[in-house]
Amino acid sequence: SSGTSFLLYNRPEGGKNVYIPTVFGMGFQRTDSALISFDISNPAVQAEVSRDYDRLRDGAEVEVTMSATSPDKQAALTCRLTSPPKVPFRENMFYRLDRLASRDQTRRMLDALKVILKAPSGSSKKGQQGNGAAWLP
């Protein structure tokens, strides 16, 4: 691990540290976006982290850059930091990863919102009525 890249695993297997999904499905794949945060369900982590820790506010967004290539192969996850954590991460702690929407999916949703919220052509903000009817599609 480095300042912007993390090697993540959840158990030793066959002499090496590997990530094995703990939920149904394939786990994380290369290019997935995830939220990484302290796993405060673990009592050892609870003792180390402040009581007002919020995983959404204090965690960080990461992109999975390397994972196992097939279900029968096991390897550690490599993640690249895409947004800094509010609370700095520490070595030898327990973390949780929560999958986020893909970057492409998020971009398409934001583009759709821009279209929906765009002022109708030919109207200006000064000339709009206060009732908001001009904003309807």
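Here the structure is a predicted model, which means the values were calculated and not measured. (Residues numbered from 1 in each chain as written. Predicted model: local features only at pLDDT ≥ 70, side-chain atom pairs only at ≥ 80, totals over all residues. Heavy atoms only, no water.)

Focus on the overall build of the protein chain
We apply this condition: Secondary structure elements follow DSSP: runs of H or I of four or more residues count as helices, runs of E of two or more count as strands, with numbering from the N terminus. Exposure categories follow from relative accessible area, calculated using a 1.4 Å probe and restricted to protein chains: below 20% of the type maximum is buried, above 50% is exposed, and the middle band is partly exposed. The accessible surface values rely on the Shrake-Rupley method and a 1.4 Å probe; as for residues, cover is taken only from the protein chains in view.
Summing up its helical and strand segments, the protein chain has three helices and seven strands in all. Overall, the protein chain shows an N-to-C arrangement of helices and strands of β-β-β-β-α-α-β-β-β-α. For the protein chain, the proportion of its 137 residues judged to be buried stands at 27%. Carbon together with sulfur atoms contributes 56% to the accessible area of the protein chain, which is approximately 10000 Å² in total.

Quick look at the side chain of Glu-63
We count it as follows: Throughout this description, a polar contact denotes any pair of N or O atoms lying within 3.5 Å of each other; where both atoms belong to protein, one of them has to be capable of donating a hydrogen while the other can accept it, and for residues adjacent in sequence the pair is counted only when both atoms sit in side chains. Two residues form a contact once any of their heavy atoms are found within 4.5 Å.
With respect to the element layout, Glu-63 can be found in strand 5 (residues 60-66). Side chain to side chain, Glu-63 and Arg-80 meet in a polar contact 2.5 Å long. With residues up to four places along the chain from it excluded, the contact list for Glu-63 reads Thr-31, Asp-32, Thr-78, Cys-79, Arg-80, Thr-82 and Arg-103.

With respect to the confidence of the model for the protein chain
What counts, and what does not: Each residue gets a pLDDT score, which is the predictor's confidence in that residue and runs from 0 to 100.
Mean pLDDT over the protein chain stands at 82; residues scoring 70 or higher make up 85%. Of all the helices and strands in the protein chain, helix 3 (residues 103-117) carries the lowest mean pLDDT, 84, while strand 4 (residues 33-38) carries the highest, 92.

Observations regarding the sheet that holds strand 7 (residues 95-99)
Quick note on the threshold: Note: two strands are recorded as paired if DSSP finds a minimum of 2 bridges between them. A fitted line through C-alpha atoms represents every axis, and for helices the fit uses only the stretch in contact; the resulting angles, taken between N-to-C directions, go from 0 to 180 degrees.
As summarised here, the arrangement of the five strands in space is 1-6-5-4-7, forming an open sheet in which the pairing is antiparallel. In the strand order of this sheet, the two ends are held by strand 1 (5-8) and strand 7, each with one partner. Strand-to-strand twist across the sheet, computed as the mean angle between neighbouring axes with direction ignored, equals 40°. Relative to strand 7, strand 4 is paired through five bridges, and the arrangement is antiparallel. Along strand 7, the bridge assignment pairs Ala-34 with Arg-99.

What about the pattern of salt bridges?
Worth spelling out the cut-off: A side-chain nitrogen of Lys or Arg and a carboxyl oxygen of Asp or Glu constitute a salt bridge if their distance falls within 4 Å.
In the structure shown here, the tally under the stated rule is seven salt bridges. The partner of Arg-55 in a salt bridge is Asp-98, and the shortest N-O contact between them spans 2.9 Å. Residue Arg-55 is found in helix 2 (residues 55-58), and its partner Asp-98 is found in strand 7; the two are separated by 43 residues along the sequence. Relative accessible area serves as the criterion here: at 17%, Asp-98 is assigned to the buried category. For the salt bridge of Asp-58 with Arg-57, the shortest nitrogen-to-oxygen distance reads 2.9 Å. The exposure class assigned to Asp-58 is buried, which follows from its relative accessible area of 3%. Each of Arg-55, Arg-96 and Asp-98 takes part in salt bridges that share partners, so that together they form one network.

Things to note about unusual backbone geometry
Of note, Thr-31 is a non-glycine position whose phi angle comes to about 80°, a positive value. Inspection of the secondary structure assignment puts Thr-31 in the loop between strand 3 (16-18) and strand 4. In this structure, Asn-92 takes a positive phi of about 60° despite not being glycine. Mapped onto the secondary structure, Asn-92 falls in the loop between strand 6 (77-81) and strand 7. Its relative accessible area of 75% is what places Asn-92 among the exposed residues.

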